[in-house]
Amino acid sequence: MKREKIIKSSDNTVNVYQIIPEKGIRSTIIDTKGKRYIDMFAGIAVNLLGYNYSDVNNAIMKQVKKHIHLSRLFYNKKQEELSSLLKKNSFAKGVYFSNSGAEANEVAIKFARKWGLLKKNKAYKIITFYNSFHGRTYLTLTATGQEKFHKILNPKAPGFIYAKFNDIDDVKSKVDNETVAIMLELIQAEGGVNVADKKFIKQISDFCKENNILLIVDEVQTGLGRTGKIFCYENYDIEPDIVTLGKGLGGGLPLSAVLTGDRVYEIIENNDHGTTMGGNPVACAAGCVIFKKIMNKNFLKEVENKGKYLMQSLKNINSEKILEVRGKGLLIGMQIKGDAKKIVEGALKQGLILNACKPDVIRFVPPLIMTKKEIDLTIKILRRII
Ligand SMILES: Cc1ncc(COP(=O)(O)O)c(C=O)c1O
């Protein structure tokens, strides 16, 4: 029998899907053999408007023809436009661009610690949560509350303390005079699609205010329309001090941002932030198109409706192998009995791209433009496999 050749990543640090993609159209990937796949993973939650969205492509091409890169020492029209859009539609007084989610979180941590230095007697400790994920740089890996990521860190970066998610007593027990910030995802996406309770987040927010602690919300995965609001924090009626964004902000080009409210904004000075590539004009040109699209109320309502539809359709599969379906908007996790990887492999063979974020959790983060028809097809395939 002829053996299929295993397709590998160039650096051998990840097991890649055993197909070679040729192109994408809307929510579909087409491989080099012409086979089509519904994409429920969207480039790890990046492709908010799917593949080949013409307004995004055109904005990129238009900017490419002007200049791809100058530097932050020049006025950057597209960056200014995106910054204004972000400020107008959030609590933010300041917006600071960088290239990746991890980098945005690094900047957030740096800003919080500067604030601690000036405003809270050099407080520097940051509470993060078990099962969180904040990136793969040294500092953000330490911030990430998952031991499996800490194995290669020797020593870990100082000043991170882990608390139990959705457990206010545990958080309070970990705070002391040196605590400068609490940093969290409102839905722990990589960590298994764990949704924060509204009450817990309100308690955290109140606690931060009462105790002069900053609240940092990592919206790298939950932000930009994913949960049916521009920012997930809007679902929780809170106003964080810092929010980080990334993933789809640049339409697939590297772009991330840190949003700061009043008290952090006022301590950031010349040279506290800098980056050669961050806020690149091409990525920002794409970002302006994307942001204008996702800030539209009807678009957001559609995301909310499709999220509910996907969630209900998954529940309706009604199999004893499905233990729980949870999430918000188009960020949904399905906890199963058994090996999620096997379902991912089976789905791929049948034309469906899935992801297992945990050995027993399948994560659904489709493009926000996915249609109900594509959701129905997804369910049909899943029914066959499960
Ligand atoms: C919540 C969250 N924060 C940070 C990151 C890191 O982003 P990046 O991979 O762009 O550095 C991710 C990536 O999955 C994420 O989900």
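Just above sits the structure.
This structure is a prediction, so every number in the text was calculated from the model and none was measured.

For the rest of this paragraph, the subject is the overall build of the chain. A tally of regular secondary structure across the chain gives 12 helices and 17 strands. Taken over the C-alpha trace, the chain has a radius of gyration of 21 Å; the compact-globule value for 386 residues is 21 Å, and the two agree within 12%. The buried share of the chain, taken over its 386 residues, is 56%. Considering only contacts in the chain between residues 6 or more positions apart, those separated by 24 or more positions represent 71%. Summed over its atoms, the accessible surface of the chain is roughly 18600 Å², and 50% of this surface lies on carbon and sulfur atoms. Here the chain carries 61 positive and 40 negative side-chain charges, and the mean point of each set is 6 Å from the other.

Turning next to helix α10 (residues 297-316). Residues spaced three or four apart along an α-helix point in a common direction, a consequence of the helix completing one turn every 3.6 residues. In a regular helix each residue adds 1.5 Å, so 20 residues correspond to 28 Å; α10 covers 28 Å between its end C-alpha atoms and thus fits that length. Inspection of α10 places Phe 299, Leu 300, Val 303, Lys 306, Gly 307, Leu 310, Met 311, Ser 313 and Leu 314 among the buried residues, and these make up the whole buried set. Mapping the buried residues of α10 onto a view down its axis gives an arc of 165°, with all of them on the same face. In α10, the exposed positions that point more than 90 degrees away from the buried face belong to Lys 297, Asn 298 and Lys 308. Buried residues along α10 sit against α9 (281-294), β13 (322-328), β14 (331-336), β17 (361-364) and α12 (372-385). The N-terminus of α10 is capped by Asn 296, whose side-chain oxygen sits 2.8 Å from the backbone nitrogen of Asn 298.

What holds strands together in a sheet is hydrogen bonding between their backbones, with the strands either parallel or antiparallel. Read from one edge of the open sheet, 4 strands run β1-β2-β3-β15, paired in mixed fashion. A strand with exactly one partner marks an edge of an open sheet, and here the two such strands are β1 (21-25) and β15 (352-353). Here 3 bridges tie strand β2 (residues 28-31) to strand β3 (residues 36-39), and the two strands are oriented antiparallel to one another. Counterpart to Ile 29 in the pairing with β3 is Tyr 37.

For the structure on display, the rule yields 16 salt bridges. The partner of Lys 93 in a salt bridge is Asp 262, and the shortest N-O contact between them spans 2.3 Å. Here Lys 93, found in the loop between α3 (77-88) and β4 (94-98), pairs with Asp 262, found in helix α8 (residues 262-265); they are 169 residues apart in sequence, far enough to count as distant. A residue is classified by how much of its surface remains accessible, and Asp 262, at 48% relative accessible area, is partly exposed. Note that Glu 269 and Lys 114 form a salt bridge whose closest N and O atoms lie 2.9 Å from each other. Taken as a pair, Glu 269 in the loop between α8 and α9 and Lys 114 in helix α4 (residues 101-119) lie far apart in primary sequence, 155 residues in all.

Quick look at the sheet that holds strand β10 (residues 214-218) now. Ordered by their spatial adjacency, 7 strands build an open sheet running β4-β12-β11-β10-β7-β5-β6, and the pairing between neighbours is mixed. Looking at strand neighbours, the two that pair on one side only are β4 and β6 (160-163), the edges of this open sheet. On average, each strand axis in the sheet is tilted by 20° relative to the strand beside it, whichever way the strands run. Here 4 bridges tie strand β5 (residues 125-129) to β6, and the two strands are oriented parallel to one another. Across the sheet, residue Thr 128 finds its bridge partner in β6, namely Tyr 162. Contacting β4, β11 (242-245) and β12 (256-260), α3 runs over the sheet at an angle of about 130° to β4. Against the sheet, helix α7 (residues 198-210) touches β5, β7 (179-184) and β10, its axis set at about 160° to β7.

Rules of the game
- Residues numbered from 1 in each chain as written.
- Predicted model: local features only at pLDDT ≥ 70, side-chain atom pairs only at ≥ 80, totals over all residues.
- Heavy atoms only, no water.
- Helix = DSSP H or I, 4+ residues; strand = E, 2+ residues; numbered from the N terminus.
- Rg over C-alpha atoms; globule rule 2.2 N^0.38 Å.
- Buried < 20%, exposed > 50% of the residue type's maximum accessible area, 1.4 Å probe, protein only.
- Contact = heavy atoms within 4.5 Å.
- Areas by Shrake-Rupley, 256 points an atom, 1.4 Å probe, with all protein chains shown as cover.
- Lys, Arg positive; Asp, Glu negative; His and termini not counted.
- Charge placed at Lys NZ, Arg CZ, Asp CG, Glu CD.
- Expected span 1.5 Å × (residues − 1).
- Arc of directions from axis to C-beta.
- Polar contact = N/O pair within 3.5 Å; in protein donor to acceptor, adjacent residues only side chain to side chain.
- Pairing = 2+ DSSP bridges.
- Salt bridge = Lys/Arg side-chain N within 4 Å of Asp/Glu carboxyl O.
- Axes fitted to C-alpha atoms, helices over the stretch in contact; angles between N-to-C directions.

By themselves, these figures tell us nothing about what the structure is for.
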